[in-house]
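Residue-level structural notes
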Amino acid sequence: MENTRIEFTREMKKEYTILTPNMAPIHFELIKNVLESFGYHIELLRTTGREIVDEGLKYVHNDTCYPALLSIGQLMHALHSGQYDLHKVALIMTQTGGGCRASNYIHLLRKALHKDGLEFIPVISLNLSGLESNSGFKITLPLLRRAIAALTYGDLLMLLKNQTKPYEVEPGASDALVRQWIGKLTGLFEQNKAFTQREVHAYFDDIARSFAQVPQRRVPKVKVGVVGEIYVKYSPLANNGLEDFLFQQGCEVMVPGIVGFMIFKVDNRLEDIRLYGGSQAKKQVCTLLKWYFTKFEADLIAAVKKVPQFTAPSPYAHLKKLAGQVIGYGCKMGEGWLLTAEMMELIENGYENVVCTQPFGCLPNHIVGKGMIRKVKSLYPRANIVPIDYDPSATKVNQENRIKLMLAVAQEDGPAVSAEAVPAGV
């Protein structure tokens with residue numbers, strides 16, 4: 001079946017609609033718009049509900065990890081919806097390489113298409129490892145630079161929205177501001193602007209100031225951090241709308257950004273070279289990439305710190321130092337030691353209540369997440385961590401009840417926010 005892989009050609013780029021699963025709504029909306037500015041026709045799937053799970057179960061074995069089941073289920077559900085010309089549509093998925101089963105999602109998707117007689121639909125592998133290539137889809141340097149900028153903007157918008165939404169005087173103001181910035185940034189990308197580090201630095205400051213202008217009333221809130229496997233951590237489809245649920249419970253939410261994960265993945269290559277040896281050329285490229293990502297991270301942190309009401313994330317270097325106290329840097333499969341470090345960093349920053357999202361079938365995540373909770377609690381006695389399992393058989397009611405129990409404990413300890421009004425403009 002793999003020998004007859006259908007290539008996405010230059011001719012297809014002109015007429016085909018490319019369907020993609022939706023992991024991180026803000027980030028992926030920006031990425032979609034970047035790709036469209038380079039001539040691709042992208043449809044970001046926003047479907048939710050039990051029917052996606054049921055669709056995935058038709059094609060993906062129940063023992064396979066939950067993110068594979070959902071992302072493939074979302075794509076197959078779209079193909080069966082009747083909304084698309086099946087002979088003018090293509091699918092795209094990330095392919096990571098390495099030991100994570102995310103490397104094999106694309107093959108599971110092709111198997112699903114073959115089962116339905118849809119093997120003529122091209123499947124594009126989005127990867128930076130040279131695993132597969134398509135003449136009609138190229139990751140060029142200009143596209144990559146804009147995509148990296150889009151991800152960092154997504155991190156900042158997500159962070160500021162989550163710290164503004166619980167306190168906004170006018171409901172929906174922070175969500176509206178996110179949409180406004182997505183539109184503005186998209187227009188700037190189309191004008192060949194807002195992606196260089198100097199421009200990003202300036203727009204980070206503008207974005208932070210705009211969220212500070214949203215009228216807010218800073219009343220005591222329980223602060224909750226969210227960690228876990230990257231897809232389930234960000235995807236409302238996978239985590240049953242976890243962020244919205246926590247907002248409804250009167251919480252402030254902190255979700256670590258994607259940029260830190262990107263630095264982690266590049267740094268892992270350097271760690272491999274340190275432990276096992278490797279080419280100097282690869283070391284130089286990875287060192288340059290790490291510097292590039294770290295500069296964006298530093299600018300984001302600096303922009304947030306300029307507004308006292310917001311909590312800035314810690315730099316990657318600090319997270320790595322934290323992890324070194326409890327786990328080896330060679331533990332890097334999937335989210336690896338970074339997940340443990342994110343729990344520790346959240347607790348340090350006042351988000352002592354942590355939801356650890358655990359998808360079924362992700363063994364590394366269970367080790368560095370659930371497996372490290374006892375050790376983390378020994379270092380941070382006030383830590384209130386609850387692992388929540390997400391799989392086809394887990395009910396939303398059971399998940400939310402477990403989170404409510406965690407929040408009940410948090411309420412007994414008392415919210416960590418001072419009760420003071422913060423008017424617009426502060």
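Further up the page is the structure itself.
All values derive from a computational prediction rather than experimental measurement. Residues take numbers from 1 onward in each chain, read along the sequence in its written order. pLDDT decides what is reported in this predicted model: residues at 70 or higher carry local features, side-chain atom pairs at 80 or more are listed and counted, and totals for whole chains, interfaces and linings draw on all residues regardless. No hydrogens and no water enter the side-chain calculation; it runs on all heavy atoms of the structure.

Focus on the packing of helix α11 (residues 258-276) against helix α14 (residues 336-348)
Test applied: As a rule, the C-alpha atoms of each element are fitted with a line to give its axis, helices using only the stretch in contact, and angles between N-to-C directions run from 0 to 180 degrees. Only DSSP runs of H or I covering at least 4 residues are called helices, and only runs of E covering at least 2 are called strands; the numbering of each starts at the N terminus. Put simply, angles under 35 degrees are roughly parallel, angles over 145 are roughly antiparallel, angles from 65 to 115 are roughly perpendicular, and the rest are oblique. Crossing handedness is defined as follows: a turn of the near helix away from the far one that is anticlockwise and smaller than a right angle gives a left-handed crossing, while the clockwise case is right-handed. Should any heavy atoms of two residues lie within 4.5 Å, those residues are considered in contact.
Running from N to C, α11 and α14 point in directions that differ by 140 degrees, and their axes come no closer than 10 Å. In this view, α11 runs oblique relative to α14, as classed from their interaxial angle. In terms of crossing hand, the pair formed by α11 and α14 is right-handed. Between α11, through Gly-260, Phe-261, Phe-264 and Asn-268, and α14, the contact on the second element is made entirely by Gly-336, Trp-337 and Leu-338.

Remarks on the nonpolar core
What counts, and what does not: Buried Ala, Val, Leu, Ile, Met, Phe, Trp, Tyr and Cys residues that are joined via side-chain atoms within 4.5 Å together make up what is termed a nonpolar core. Throughout this description, buried means an accessible area under 20% of the type-specific maximum (1.4 Å probe, protein chains only), exposed means over 50%, and partly exposed covers the range between.
One finds Tyr-153 and Leu-246 to be the most contacted residues of the largest nonpolar core, which totals 130 residues. Counting residues per element, this core draws most heavily on helix α6 (residues 141-164), at 10 residues.

Here we look at the pairing of strand β7 (residues 251-254)
In summary, the side chains of a regular strand alternate between the two faces of the sheet. Rules: We call two strands paired when DSSP finds no fewer than two bridges between them.
On β7, burial covers both faces: Cys-251 and Val-253 on one face and Glu-252 and Met-254 on the other are all buried. Pairing geometry for strand β6 (residues 222-228) and β7, over 4 bridges, is parallel. Bridge pairing in β7 links Lys-223 to Glu-252.

Some thoughts on the packing of helix α2 (residues 25-37) against helix α7 (residues 173-190)
Test applied: Polar here means any residue other than Ala, Val, Leu, Ile, Met, Phe, Trp, Tyr, Cys and Pro, which are nonpolar, and Asp, Glu, Lys and Arg, which are charged; Gly is therefore polar.
Here α2 crosses α7 at 25 degrees, and the two axes come no closer than 10 Å. One element, α2, and the other, α7, form an angle in the roughly parallel class. For the crossing formed where α2 meets α7, the hand is right-handed. Note on element contacts: α7 touches α2 through Val-178, Ile-182, Leu-185, Thr-186, Phe-189 and Glu-190, opposite Ile-26, Glu-29, Leu-30, Asn-33, Val-34 and Ser-37. Tallied by class, the residues present in the contact of α2 with α7 amount to 7 nonpolar, 3 polar and 2 charged.

Thoughts on helix α8 (residues 197-212)
Applied cut-off: By this rule the span expected of a helix is its residue count minus one, scaled by 1.5 Å.
End to end, α8 covers 23 Å across 16 residues, agreeing with the expected 22 Å (1.5 Å per residue, within 8%). Looking at α8, one finds that the buried residues are Gln-197, Val-200, Tyr-203, Phe-204, Asp-205, Ile-207, Ala-208, Ser-210, Phe-211 and Ala-212. Packing partners of the buried residues in α8 comprise α6, α7, β5 (216-218) and α12 (280-305).

As for the pattern of salt bridges
We count it as follows: Within this document, salt bridges are pairs made up of a side-chain nitrogen of Lys or Arg and a carboxyl oxygen of Asp or Glu, the two lying within 4 Å of each other.
Here the structure, examined in full by the defined rule, presents 23 salt bridges. Here Arg-209 ties to Asp-206 by a salt bridge, and the two come within 2.4 Å at their closest N and O atoms. A residue pair is termed a helical-turn pair when its members lie 3 or 4 positions apart in one helix, as Arg-209 and Asp-206 do in helix α8 at 3 residues. A relative accessible area of 47% means that Arg-209 is categorised as partly exposed. For Asp-206, a relative accessible area of 27% puts it in the partly exposed group. In this structure, Glu-400 and Lys-396 form a salt bridge, with 4.0 Å as the shortest nitrogen-oxygen distance. Here Glu-400 and its partner Lys-396 are both found in helix α17 (residues 396-413), 4 residues apart, which amounts to about one turn of the helix. One network of salt bridges, with partners in common, ties together Asp-267, Glu-271, Arg-274, Lys-290 and Lys-320.

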